Structures are given as C-alpha cells and as structure tokens.
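Tertiary structure, described
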Amino acid sequence: MALVTVFIVILVLVCICTVNVTNGHPHRAHHDEDLDDTFVSLGEEISTGTQLDKRSSLLSDVMGPLKRYVRDVDEHVRSKAVYLRMRALLSILRILLTRGKPRVEIMQFWNWDKTIHIDQLFYVKVRTIWEVRRVILAARILGMRVRATGVGHSRSPLYVDEGNIMMDVRELERHDGPQIELNEKTKFRDFQTVTAMSGVIEVDLNRFLTEHKVAVLSQPINDQDSIGGMVAVSTHGSTWNSVTYSGMVVEIRLMDSRGRLRRFIRERQPEMFKAVMCNLGMFGIMYDITFKVVPTFIVKVENDFMPLKNLVLSQSALKNEVTGNFLTEISWFPFNSVEGENAKRYEATGEIPESWSAGDDTVWVRKMNVASEDEIKGQTILGPTYMSTNGSLSGGSVKGLLRARGALNVAKSLLSQSYHHVVNAFPLILPSRWGTETSAAFMLNVDTRFDRVARALKFLVNRTEHQIKSRGSTPLNALLPRFFKNHECLLCPGNTDIAMPDDSGHSMVVDFLAPPSQDGFYSAAADFVTEFKSEKIRPHWAKRHDTIVGIVQQIHDVYGKNLEEFNRQRRLAGVDPCDMFMNGYLLTIFGRSKSCFFGSW
C-alpha cells in the first residue's frame, strides 16, 4: 500500500499544472448578461505553496467505484475495498492541502434524523476562504466531488456521494468583513440588507437582526439551520404574503470549481440569479449571502384550538383563516380526541373506539399578526418561545396512538397569546442533537377558491383515519400544512413558472412527520403524490421524497423547461464545467455536463 501511495503521488505531481486561477475567466458562450464583475479578486494567499489546476486522468484506477448505490459485490467486501482506496487517497489529499489545513479525515455520516447514511467520506471543516480553495483545487487534481454541509437537517440525498469530500462550512470566517453585517440603503437598493456567512445558524442571525432592529418576513419553525442550507433548498415558512428564504436573497458569493471567488447580484444578472438563488449546491461552495431586510415590528402570536372538521374539512373556513392572517400554521396530531374510558380501553387492548372520527380531533392553529400600538401597551416583548418536544413537533412522551394527545397537550402549554419582535416569533421547536422523526413534504399550487387545498388535506385525513381504524396504526404523527407566496426562481418549489388554472400565486406545502420506520409512512407519501400527480405536485427538496417510484420523472414533468434553463445558466456562469459540485442523485435529475473537457479542469 505504501508503494502504491508513493507511485500515485508521483503521478499527481507530474500532472500538476501551475497556473494562476484567481483571475481566469471561464470558457462560456456569449449572452446578454455581463459576468466580468462576478469575479472577485482574492490576490494570492501568503505561503500557499504550489497552486493546482489540472485533473490527473491517471487516478481512475485508484478511485474505483466510489459511488453510493453501487452494490455489485457483497456490502462488506465492497466497503473494505472502498476504504482501502480512500486510505490511499487520504495520503494524497493531505499532501495536496499544504500546511496540513484543513485537516482531512475519513468518517461515516448520518444526517439529523438518521435517514441518510453515507458509509465513508472525506470530511473537512474549513475556516478560511483559502482553505476552501485548497480543498477545491485538490479535488480537481483527484477528480473528486465536493459538497458543502452545515447542520445536516436535510432529509433527502443532497449530500456528497460516498468516497468524496464533505465540506463543513459552519466555522468558515469572512476574510473581508464580520460574520454578519448590516448594509444600509444604496442608490440601487431602497432597502437595507444583511450579509451573513453561509454557515451562520439562524438563531444567531435572528439575534443580530433583533439587535439591529431589522427583520425578514418569513422563517421556518426551526432556527437551528444554516443560512446556506436554507437558501440552497428554498426553505419556506408560513407567511401568506412572503416568499421563501431564497426569494429574499439579492447577492451571493461562492467559490467555483476552479477556486475563484464569484459574486452574483440580482440586479446585475437577473436571469442567472433565478438559478443562483436556489441552486441545491450545484453552483459551488456558497461563501456569504446578502438578503433583503425590513424594519422590525412587533407581532401578536395566538394559539387557538378547534375541531378539525370546522377548519381543515371546511373549505371556506380554511381559506378565511389562512388568507386572513400574516401567518397561519395548522397542526393535526391524529387520534388526539380519544380520552377517558376509550383511552383506557385502547391502552389495555389496542381497540380503536368505533365512535372515533378524525373530524372530532382538535387542530392547533398558531397565527401571527402585526400588533397595534394599543395591543402592545403594557405587554412584555418576549424572545423565542420553544416547545418542550425533545426535537420533534409531535414529541409527546406517550407511546402509541395516544402520543397525539400528549403532543396536543404540549402545544396547549404555550401562552394563548404573546408578543415578539417578528423574527423571534417564528421559532417553535429546539431540535435535539438527533431528530426522532423524519418528514415528507410536497407542494401544490393554491387556487383562489382553496379547492385543491381542501382536497389535498381531506385525502390525507381520510387516508390516516382509514389506517387507524383498519390497522390500529397511523401513517403520520403530525400533519402540517403551510402556505407562502411564489416568486421568480427556476428551482424553487414555490415558483411563478409552475402555474395552474385559477392560480392564487401561492403554494401550500403539506408536511407530514413520523419516525422513519412508521407503518404506512412511505406508502401514504407515494399515494399522495400519485393522487395529485396531474396537478403538478412536487417535493420539498430537503425532505424525504427520493424513495417514491417515479419521483424524478414527476420533477421533470413539473419543472419542465426550468430544468433546462437552470442547466443553461449554470453552464453560462462557468462555475462547474465538470460537475464537481454534483452527486449521483442530482445527476439523475439534471444530467451530466456536456461542456467538460480536460482543459476545463
């Protein structure tokens, strides 16, 4: 093995081409957006050592089949063979990364809810822009792929493939400014912006926003995600007239596959920015992100509880509630109305009461509205209020179907009304280190009459009720419909290009939670997609969906020309001609680059 490593190192050093990659422009076709100002000069790092700019085509035998889902041999045999190849590559990586920084290790990876497992990958935690560059240039030499990660909350296969490099950006420091910075209005922008490093966690961002009296208009209920991850997948909230996080972004700096820092600005490259703002990590390693903020304000949060049949199963009531509030979050925990003797009998025998109906269950409605000056008088303005859920929204301690009653009681323990600066009103759950539930989420266009919304929710309510009555189990622990405004963005699931008749310009995401092994969870998700296939149902990129047969074709059918345009803009940007930032799943959806040639490395 030592001789093999030495031989490989010699081959690599022979193939190294020492060129300056800082100011080189990509080979690209002419188009109507000038990209010259997307190149950000970094100068030269002091004592960097040799700069690397060419892939060695002689390493393919050593690399071997380092792809997820390759199962041509026994798993144990294959895993050992992959590990031996990676040990040889580890030595080379450490040589190529001058001065030993960042440190590279081989590790196993599990995401937050343990639904994504990668047997072996190269893990690096970068702290400077120069370390990001070194990793990328070393990966080019070895023909390896690199993808960034933050907290690891995504439940879909957006992570790097086995045998390649996972780059942790949570400790990445900004070389030309603070980690988070408030930018004042300019002659081009009549609004303030905030620039934050991609690895900044939302709870820290919210603290900064509150201190500087600015806000964003929508966020998810979990404030432990990284900003880069939220932008990459177009993370949504439930603010009726606000777009997803990606839609707030006006500028992104990232490092491309040739180690060049690039800056994309919405006003200067408007067509290309539609691809950049939700890029699933395919444009490069996001460095910092600038997004629009507004002056902060106080909101009143109210927690109401009502029968499911009076809201979720009432089309007119549902429409009035959702459209009548700044934000509306609806949560249903199935079987929560079973109490008293029926609950005792169920605990003893597992018998489902004949009288139980999903329509009699209670739904929790959390709504938020701008508070008036009169309402605020004498009120204490609170910070974030977290539920004691142990990392999941339906996190009651009770087991079995009566868990729903426990989850509802946790929600009822919240204040009936409270007042917050708006960014402190969004968070709700404080995740533990490992999630206890996974989540599948799919989006549909909201029609002006709410007919599609009502049918979608009724389908899942009926499906859940049927399984509880027929099998004594539930396919989901919580059903969470959320609503937001669409915007121009090629890959955002809430997308103005994905239109339906009688369209309201908004989307509903139906998020349902359950442990990964829950009886009926995956089949319910698949049946839901099948039921609304003709109505342009599409997955939330970060949630469980890749297990559904035919989902890639459904993505192609729904996004259509948007996928082609995304590939075109990515090619024109010249950020990744040889698919360094892709993985096996993304290649299945978007295909391989046709612009890669040996010199482009």
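Structural data are supplied above this passage.
Not measured: the values here are computed from a predicted model.

As for the overall build of the protein chain
- Counting its secondary structure elements, the protein chain contains 18 helices and 21 strands.
- Surface summary for the protein chain: the accessible area is close to 23700 Å², and the carbon and sulfur share equals 51%.

A word on the state of the cysteines
- Applying the stated criterion across every chain yields a total of two disulfides.
- The side chain of C489 participates in a disulfide bridge whose partner is C492; the two sulfur atoms lie 2.1 Å from each other. Because the sign of the S-S torsion sets the handedness, a value of about 70° for the bond joining C489 and C492 places this disulfide among the right-handed ones. Exposure class is identical for C489 and C492. Each is buried.
- Covalently, C578 is tied to C596 through a disulfide, its sulfur atoms 2.0 Å apart.

A closer look at the sheet that holds strand β4 (residues 146–149)
- Pairing in this open sheet of four strands is mixed, and the strands run β2-β3-β5-β4 from one edge to the other. Whereas interior strands pair on both sides, the edge strands pair on one side only; in this sheet they are β2 (104–110) and β4. Within this sheet the neighbouring strands show an average axis-to-axis angle of 40°, counted without direction.
- Pairing analysis gives six bridges linking β2 to strand β3 (residues 117–125), with the strands arranged antiparallel. Across the sheet, the residue bridging to E105 is Y123, located in β3.

Let's talk about the packing of aromatic side chains
- One pass over the structure, following the stated rule, counts 18 aromatic pairs.
- Between F297 and F326 the ring centres are 6.0 Å apart and the planes differ by 90°, which places this aromatic pair in the edge-to-face class. Highlighted residues: F297 in the loop between β12 (294–295) and β13 (298–307) and F326 in the loop between α9 (315–323) and β14 (327–332), separated in sequence by 29 residues.
- For F326, a relative accessible area of 19% puts it in the buried group.
- By way of ring pairs, the aromatic residues F264, F283, F566 and F590 are connected into one cluster.
- Across the ring face of F191, the terminal group of K292 is positioned such that the distance to the ring centre comes to 4.9 Å.
- Looking at K412, its charged tip hangs above the ring of F305, at a distance of 5.7 Å from the centre.

So, the pattern of salt bridges
- Tallying each qualifying case throughout the model produces 38 salt bridges.
- When the shortest N-O distance is used, the salt bridge between E171 and K125 registers 3.4 Å. With E171 in the loop between β5 (165–168) and β6 (180–183) and K125 in strand β3, this residue pair connects regions lying 46 residues apart in the sequence.
- Judged by relative accessible area, which is 33%, E171 ranks as partly exposed.
- Given the relative accessible area of 24%, K125 is considered partly exposed.
- One salt bridge connects D360 with K309, and the closest N-O pair in it is separated by 3.0 Å. Remark: K309 occurs in the loop between β13 and α9 and D360 occurs in the loop between α10 (340–349) and β15 (362–370); sequence separation between them is 51 residues.

So, the nonpolar core
- In terms of nonpolar packing, the biggest core is built from 149 residues, with L205, F291, F512, F528 and F590 touching the most fellow members.
- With nine residues, the single largest contributor to this core is helix α4 (residues 129–142).
- Not counting residues up to four positions away in its chain, the partners in contact with F528 are F442, L444, A456, F459, L460, V510, F512 and I537.
- Core analysis: the second largest hydrophobic core is formed by 16 residues, A404, A407, L408 and V410 among them.

Examining the sheet that holds strand β11 (residues 285–292)
- In space, the six strands of this open sheet follow the order β1-β10-β9-β11-β7-β6, with antiparallel pairing throughout. Across the chains shown, the open sheet's two edge strands, defined by having one partner strand only, are β1 (39–40) and β6.

Some words on the packing of helix α16 (residues 551–559) against helix α17 (residues 561–573)
- Interhelical geometry of α16 versus α17 gives an angle of 85° and a closest axis separation of 5 Å. Compared by their axis directions, α16 and α17 come out roughly perpendicular. Contact residues: α16 offers I555, H556 and Y559, while α17 offers K561, N562 and L563.
- Grouping the amino acids of the contact of α16 with α17 by side-chain chemistry returns three nonpolar, two polar and one charged.

What counts, and where the lines are drawn
Residues numbered from 1 in each chain as written. Predicted model: local features only at pLDDT ≥ 70, side-chain atom pairs only at ≥ 80, totals over all residues. Heavy atoms only, no water. Helix = DSSP H or I, 4+ residues; strand = E, 2+ residues; numbered from the N terminus. Areas by Shrake-Rupley, 256 points an atom, 1.4 Å probe, with all protein chains shown as cover. Disulfide = S-S within 2.5 Å. Buried < 20%, exposed > 50% of the residue type's maximum accessible area, 1.4 Å probe, protein only. Pairing = 2+ DSSP bridges. Axes fitted to C-alpha atoms, helices over the stretch in contact; angles between N-to-C directions. Phe/Tyr/Trp six-rings, centres within 6.5 Å; stacked < 30°, edge-to-face > 60°. Lys NZ or Arg CZ within 6 Å of the ring centre and 35° of its normal. Salt bridge = Lys/Arg side-chain N within 4 Å of Asp/Glu carboxyl O. Core = buried A, V, L, I, M, F, W, Y, C linked by side-chain atoms within 4.5 Å. Contact = heavy atoms within 4.5 Å. Parallel < 35°, antiparallel > 145°, perpendicular 65-115°, else oblique. Nonpolar A, V, L, I, M, F, W, Y, C, P; charged D, E, K, R; others polar.

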